[in-house]
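Residue-level listing of the chains:
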Amino acid sequence: MTMRYLTILGSTGTIGVNTLDVVARHPDRFKIVALSGQNQIAKLAEQCRHFKPKYAVVLDPARALALKTALAGLNVEVLYGVEALERIASLAEVDTVMAAIVGAAGMRPALAAAQAGKRVLLANKETLVMAGQFFMAAVRASGATLLPIDSEHNAIFQSMPEPYSGNPAAHGIRRILLTASGGPFRTRPVETLAAVTPEQAVAHPNWSMGKKISVDSATMMNKGLEVIEAHWLFNARPDQIDVVVHPQSIVHSMVEYQDGSVLAQLSNPDMRIPIAHALAYPERVATGVPWLDLAKLGQLTFEASDTDRFPCLKLAYQALAAGGSSTTVLNAANEEVVAAFLDRRIPYLTIPKILGRVLERLGGQPAASLTELETIDAKARALAIELIAAR
Ligand code: NAD
Ligand code: MG
């Protein structure tokens, strides 16, 4: 049993809190070295009192001061800013980094962990959608261990041969089957989708998650981002990745082999399971999640995905096929339209419309460096904001 020393980027979010839940069950295995949060200072302070990290990071000096005050008397060094996030992601005394910041803001810190050769537990799928090529190159160059936290990709990882060479054909893999719950609007009459509110969109039937990923699940952009994520993680072509709707969220994804075998990972829908898998890998630890009772569940159902109802899924495949920085453009514009929808500045059906327009105008450009990608990301945000304001 190896003691693991952890940094959690985004410890105040849903994934962060679930990670700390697993860590708290195994104090003999996991020690928290650093935590980070954006604006939930009271929650971060409470986590610091409980887990006694050496470092806590927030985004700006005002919040750092508030956190310092809240932690008076405790031996926690409070830092702020993106550079501090990169620093706690690459500390020599840390071997494992949970990358659980939401959105493109999580990319630089996750990349720092990869460059430092850490065990990177990647929840922040936007890192791969925005900068998959550069992130995967950093993992290879440093020899970092990359463990997917997204439940689907964790399931695929568990259903893959070990060690996986990065070449599906070499292992007789035909297809990756990503399962999707279909979100809250899977059966809602299409003609009523125009009236969808933010409250309805964030009310996911099976998972309790942050707001951004909940809206992404409602539009199925989340599944689109996950197709792109699977492409980078497993080096699979878009035509080797299919989506199948599975409303119960018990089968978390599957790998189909040339002989017709399909391997899957099943569990109750609780993020502590993929988190614990990655934390303890290759060992296994208890999570406190109830055992899966298949007889009680009775049936698992599957259906084809409906791209008329969910145009965002189609846009993600298109962006992946277009290559270059197209998925960066899609991700950046998506963050802006989701924020606008949550603020009631645009209606639900405008989300895919604006994304389609931004992709049309800015998709397909090559990007030779991370800095170029960040410039394209900024342009896509600016255009999305302009289209949001213009409607
Ligand atoms: P969340 O909104 O609950 O938490 C986000 C965390 O990031 C918080 O700690 C917040 O303080 C921090 N943060 C936000 N903006 C920041 C910024 N600009 N700089 C620094 N920190 C910032 O989100 P979540 O649901 O925990 O999701 C986190 C990531 O995990 C996302 O990329 C999401 O796609 C992925 N993910 C989540 C789930 C889930 O079940 N929640 C499942 C799969 C993947
Ligand atoms: Mg997922």
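Relevant structure appears above.
Read on for an overview of the structure.

The rules behind these values
- Residues numbered from 1 in each chain as written.
- Chains lettered and ligands numbered in written order.
- Predicted model: local features only at pLDDT ≥ 70, side-chain atom pairs only at ≥ 80, totals over all residues.
- Heavy atoms only, no water.
- Near = heavy atom within 4 Å.
- Polar contact = N/O pair within 3.5 Å; in protein donor to acceptor, adjacent residues only side chain to side chain.
- Areas by Shrake-Rupley, 256 points an atom, 1.4 Å probe, with all protein chains shown as cover.
- Buried < 20%, exposed > 50% of the residue type's maximum accessible area, 1.4 Å probe, protein only.
- Helix = DSSP H or I, 4+ residues; strand = E, 2+ residues; numbered from the N terminus.
- Pairing = 2+ DSSP bridges.
- Donors = N, O, S within 2.8 Å, 3.2 Å for Na, K, Ca; no water.
- Core = buried A, V, L, I, M, F, W, Y, C linked by side-chain atoms within 4.5 Å.
- Domains from an automatic or database assignment.
- Contact = heavy atoms within 4.5 Å.
- Axes fitted to C-alpha atoms, helices over the stretch in contact; angles between N-to-C directions.

Close contacts around ligand 1 come from 22 residues, with T12, T14, I15, Q38 and E126 the closest. Taking I15, its main chain carries an N or O atom lying 2.9 Å from an oxygen atom of ligand 1. At a separation of 2.8 Å, an oxygen atom of ligand 1 approaches a polar backbone atom of Q38. For ligand 1, whose accessible area on its own is 820 Å², the fraction buried by protein is 89%.

Before going further, it helps to examine the pairing of strand β8 (residues 173–180). Of all eight residues in β8, seven are buried, a share of seventy percent or more. The pairing of β8 with strand β10 (residues 251–257) spans four bridges and is antiparallel. Paired with I176 across the two strands is V255, which belongs to β10. The pairing of β8 with strand β9 (residues 241–245) spans five bridges and is classified as parallel.

The coordination sphere of the magnesium ion (ligand 2), as far as protein atoms go, consists of D150 (OD), E152 (OE) and E226 (OE), spread over 2.1 to 2.2 Å. Mapping the donors of the magnesium ion (ligand 2) onto the primary sequence yields the spacing D-x1-E-x73-E. In this pair, E152 sits in helix α7 (residues 151–159) while E226 sits in helix α10 (residues 221–234), placing the two residues 74 residues apart along the sequence.

Among the nonpolar cores identified, the biggest contains 129 residues, and F135 and V358 are the most heavily contacted of them. A domain split of this core shows at least three residues from each of domain 1 (4–148) and domain 2 (323–391). Once residues lying within four places of it in the same chain are set aside, the contact partners of F135 are A110, L111, A114, V120, L122, T127, L128 and L146.

In spatial order, the strands read β4-β3-β2-β1-β5-β6-β7; together these seven strands make up an open sheet with parallel pairing. In this open sheet, the two strands that pair with only one neighbour each are β4 (77–80) and β7 (145–148). Ignoring which end each strand starts from, the neighbouring axes of this sheet average 25 degrees apart. In the sheet, strand β5 (residues 96–99) pairs with strand β6 (residues 119–122) via four bridges, with the strands oriented parallel. What sits directly across from V97, in β6, is V120.

This is a description of form; function is not addressed.
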